[in-house]
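So you can see what is in the structure, the chains are spelled out below.
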Amino acid sequence: MDRLRFMFRKREEVEEQEYRPLYDEGAVSGPENDDEHAVSFSWVEYGIFVVLGVAMLWAWNMFLAAAPYFQYRFRTDEWAVKNFQSAILSVSTLTNLVGTTFLANRQHSASYPFRVNSALYLNAAVFTLLVISSKSFVDASTTTYLVFLLTMVALTSFATALLQNGVLAFASSFGRPEYMQAIMAGQGIAGVLPSLVQVVSVLIAPPPVVETVELGTDAPEKEKAAFIYFLTAVVVSVVALVAFVPLIRRHNLMVENRMSETLAESMASIEEAERASRKVVSMTTLFRKLYWLAGGVFLCFTLTMFFPVFTAKILSVTPSSDSNVLLQPAAFIPLGFFFWNFGDLIGRSIPLVISLRHRPMALFGFSIARSLFLPLYFLCNIHGHGAVIKSDLFYLLVVQLPYGLTNGWLASDCMMAAGEWVEESEREASGAFMGLCIVAGLAAGSLLSFTAAGV
């Protein structure tokens, strides 16, 4: 730790500004150690940030859950069936990265509540159009629907960039690490629910062991499922919009308390007063202060993007013809996703109890160590060709659950720590910067994951 402090002390001399963690190493993190401008903790506000975290990733999970419906819509075009998922991934990742980078460099004029509201309205509008498309225009050509779908994906990805940039910066401004953890927990919930629903649906209506239904005969069921998926996304966006209102009021009151009376009276609005006091921080400066944390969260999500590739290919070691419904591929693959996401959800709550926020170098080291999980997948039953360790419990409890748990814990701890290693006036910018690192990690991971696509 002394070496780490020496590095930061040396950097301070170069930048000619004071920089230290808001909490000293010997202090116990918690509400009693907050700085003078930190607001009191509220479980209501914590819950609102959880809802915003759910809304942040719900759109993406709905596109994943609706994959069978998209396969049905593209059934007449072999190229579209094989490539629509890659097209969705590419458009989503690139749009999100470009949008997040653009927003992260527009700090001074930023209105983070406006960005959050705009994102939620945009998501609600897009998924309303998708709801309509699942019942109308079903005879549209494959090309027309693919263009329409990718346009919707691009819009929701830009909305995600707005929401992520706005919510993370907004949460950082409160000076409560718990609120950053709440966002991360909400994202975990958004990952758990779709996979859980898929497993339960298979248990309720198990598919036949041998598929005898002709392609397209189950179209009404697919259309109904897509209608529900898209409508749910609209509801989540509307709920988040309503829940966000009291949070804006609390934020405005917090800004009023932080501004001097003279400054507040000289401004036409609270928003202008906030912008006047906002410190514009370059990405380079933030990286110099947060490089361990930024690198940690980047590597964390880069490695995480490999898990969907392997999870979709690993089957139960028990032959499907002899197994119960839960071990058939239709249920076992979603079960693998559920265990990973369940571990991720648990991990996102661990920083409230166990945290390494004061040791960013250790967090970076743990992000590198997570690469040791990847070889474990090769010990499992990939494509049903046999497993080195013939145990479904090994796959679910030793590989998936801990891999997800370490992702949730590491990502949340890095995000919570960022606001403590910058000055108070830099917190908003640090939240947006860390969000950019997440998106960059996802983009890098999605590209690198193609190296495992042929496994």
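Identification of the chain as Nucleoside transporter from Xylaria arbuscula is taken from an unreviewed UniProt entry. Its UniProt record, at the heading Sequence similarities (unreviewed entry), says of the chain: "Belongs to the SLC29A/ENT transporter (TC 2.A.57) family." The UniProt entry for the chain carries this comment under Subcellular location (unreviewed entry): "Membrane".

Participant: Please clarify how the overall build of the chain should be interpreted in this entry.
Facilitator: The helix and strand tally for the chain stands at 17 helices and zero strands. Counting over 455 residues, the chain shows a buried share of 51%. Looking at the chain alone, contacts between residues at least 24 apart form 86% of all its contacts between residues at least 6 apart. As displayed, the chain has an accessible area near 20300 Å², and 65% of this comes from carbon and sulfur atoms.

Participant: In this structure, what is going on with the packing of aromatic side chains? I would like to understand it.
Facilitator: Any two aromatic rings considered together are summarised by their centre-to-centre distance and by the angle between their planes. Within this structure, the stated rule accounts for 27 aromatic pairs. Residues Tyr-291 and Trp-292 carry aromatic rings whose centres are separated by 5.1 Å and whose planes lie at 45° to one another, so their mutual orientation is tilted. Under the relative-accessibility criterion, Trp-292 is labelled buried at 17%. Between the aromatic rings of Phe-338 and Phe-339, the centroid separation amounts to 5.9 Å while the plane-to-plane angle is 85°, which identifies the pairing as edge-to-face. Of the residues examined, Phe-338 reaches a relative accessible area of 17% and is grouped as buried. Aromatic ring contacts, followed pair by pair, group Phe-307, Phe-310, Phe-337, Trp-340, Phe-373, Tyr-377, Phe-378 and Tyr-403 into a single cluster. The lysine or arginine in question, Arg-73, covers the ring of Tyr-145, its NZ or CZ lying 3.8 Å from the ring centre. Its guanidinium or amino end placed over the ring of Phe-227, Lys-135 lies 5.4 Å from that ring's centre, counting from NZ or CZ.

Participant: Would you mind going over a nonpolar patch on the surface with me for this structure?
Facilitator: On the surface, Leu-129, Ile-132 and Phe-137 cluster together into a nonpolar patch covering about 320 Å² of accessible area. Position of Phe-137 among the secondary structure elements: in the loop between α5 (112-133) and α6 (142-173).

Participant: Quick question: what am I supposed to make of the packing of helix α16 (residues 392-418) against helix α17 (residues 427-448) here?
Facilitator: Axes are the key here: two packed helices are described by the angle between their axes and the distance separating the axes. Remark: α16 packs on α17, axes separated minimally by 9 Å, with the N-to-C direction vectors making an angle of 155°. Accordingly, the angle class assigned to the pair α16 and α17 is roughly antiparallel. Once α16 is placed against α17, the crossing between them reads as right-handed. In contact with Cys-414, Met-415 and Ala-418 of α16, α17 contributes Ser-430, Met-434, Gly-435 and Ile-438. Split into classes, the residues belonging to the contact of α16 with α17 amount to five nonpolar, two polar and no charged.

Participant: Even after reading the chapter, I still don't get the pattern of salt bridges, so can you show me in this structure?
Facilitator: As a working rule, side chains carrying opposite charge can pair if their charged atoms are close by. Per the stated rule, a full pass over the model turns up four salt bridges. Measuring nitrogen to oxygen at the nearest pair gives 3.0 Å for the salt bridge that ties Glu-426 to Lys-289. Here Glu-426, found in the loop between α16 and α17, pairs with Lys-289, found in helix α11 (residues 283-304); they are 137 residues apart in sequence, far enough to count as distant. In this structure, Glu-426 and Lys-289 share a single accessibility class: buried. Note that Asp-344 is salt-bridged to Arg-348, the shortest N-O span being 2.8 Å. One end of the pair, Asp-344, and the other, Arg-348, are both in helix α13 (residues 329-349), four residues apart, so they sit about a helical turn from each other. A residue is classified by how much of its surface remains accessible, and Arg-348, at 3% relative accessible area, is buried.

Participant: Would you mind going over the environment of Leu-405 with me for this structure?
Facilitator: Structurally, Leu-405 can be placed in helix α16. Relative accessible area serves as the criterion here: at 26%, Leu-405 is assigned to the partly exposed category. In this structure, the C-alpha to C-alpha distance between Leu-405 and Asn-341, residues 64 residues apart in sequence, is 8.1 Å. Excluding residues within four positions of it along the chain, Leu-405 makes contact with Gly-343, Asp-344, Ile-346, Gly-347 and Ile-350.

Participant: How do you make sense of the environment of Asn-96 when you look at a structure like this?
Facilitator: You can see Asn-96 is positioned in helix α4 (residues 78-104). Considering only alpha carbons, one finds Asn-96 and Phe-158, 62 residues apart in sequence, at a separation of 5.6 Å. Every residue in contact with Asn-96, bar those within four places of it in the chain, is listed here: Ser-157, Thr-160, Ala-161 and Val-439.

Participant: Would you mind showing me how to read the side chain of Ser-430 here?
Facilitator: With respect to the helices and strands, Ser-430 occurs in helix α17. Ser-430 sits in the buried class, given a relative accessible area of 1%. A distance of 2.6 Å separates the side chain of Ser-430 from the backbone oxygen of Arg-427, its partner in a polar contact.

Participant: Explanation requested: the nonpolar core in the structure shown.
Facilitator: Nonpolar side chains in soluble globular proteins tend to be buried together. Formed by 89 residues in total, the largest nonpolar core has its most connected members in Phe-49, Leu-52, Phe-70, Phe-127, Phe-230 and Met-434. Ranked by the residues each element gives to this core, the list is headed by α6, at 14 residues. Those residues in contact with Phe-49 that lie beyond four places of it in its chain are Val-167, Phe-170, Ala-171, Phe-174, Tyr-179, Ala-182, Ile-183 and Leu-247. One finds Leu-303, Phe-339, Trp-340 and Cys-380 within the second-largest nonpolar core, a separate group that totals 24 residues.

Participant: Explain the packing of α11 against α16 to me, please; I cannot follow it from the model alone.
Facilitator: Packing of α11 against α16 brings their axes to within 9 Å, and their N-to-C directions diverge by 155°. Considering their axes alone, α11 and α16 lie roughly antiparallel with respect to each other. When you trace α11 past α16, the crossing you get is left-handed. Across the interface between the two elements, Leu-290, Leu-293, Gly-296, Val-297, Cys-300, Phe-301, Leu-303 and Thr-304 from α11 touch Tyr-403, Asn-407, Leu-410, Ala-411, Cys-414, Met-415, Ala-417 and Ala-418 from α16. Of the residues contributing to the contact of α11 with α16, the split by class is 13 nonpolar, three polar and no charged.

Participant: Before we go on, may I ask you to explain unusual backbone geometry in this structure?
Facilitator: Keep in mind that most residues, glycine aside, have a negative phi and that most peptide bonds are trans. Positive phi is not limited to glycine here, since His-383 has a value of about 60°. Positionally, His-383 belongs in the loop between α15 (374-377) and α16.

Participant: Whenever I open this one, the confidence of the model for the chain confuses me. Can you help?
Facilitator: Detail in the predicted coordinates should be disregarded across regions flagged by low pLDDT. Here the chain averages 79 in pLDDT, and 78% of its residues register 70 or above. Below pLDDT 50 for its whole length, residues 10-34 participates in 51 contacts with residues either more than four positions away or in separate chains. Predicted confidence for residues 210-216 stays below pLDDT 50, and this span has two contacts to residues more than four positions away or in other chains.

Cut-offs applied
- Residues numbered from 1 in each chain as written.
- Predicted model: local features only at pLDDT ≥ 70, side-chain atom pairs only at ≥ 80, totals over all residues.
- Heavy atoms only, no water.
- UniProt positions renumbered as here; feature names shortened; annotations may be inferred.
- Helix = DSSP H or I, 4+ residues; strand = E, 2+ residues; numbered from the N terminus.
- Buried < 20%, exposed > 50% of the residue type's maximum accessible area, 1.4 Å probe, protein only.
- Contact = heavy atoms within 4.5 Å.
- Areas by Shrake-Rupley, 256 points an atom, 1.4 Å probe, with all protein chains shown as cover.
- Phe/Tyr/Trp six-rings, centres within 6.5 Å; stacked < 30°, edge-to-face > 60°.
- Lys NZ or Arg CZ within 6 Å of the ring centre and 35° of its normal.
- Patch = residues over 30% accessible without salt bridge, like charges linked within 9 Å, V, L, I, M, F, W, Y side chains within 5 Å.
- Salt bridge = Lys/Arg side-chain N within 4 Å of Asp/Glu carboxyl O.
- Axes fitted to C-alpha atoms, helices over the stretch in contact; angles between N-to-C directions.
- Parallel < 35°, antiparallel > 145°, perpendicular 65-115°, else oblique.
- Left-handed = near helix turned anticlockwise from the far one by under 90°.
- Nonpolar A, V, L, I, M, F, W, Y, C, P; charged D, E, K, R; others polar.
- Polar contact = N/O pair within 3.5 Å; in protein donor to acceptor, adjacent residues only side chain to side chain.
- Core = buried A, V, L, I, M, F, W, Y, C linked by side-chain atoms within 4.5 Å.
- pLDDT = per-residue confidence, 0-100.

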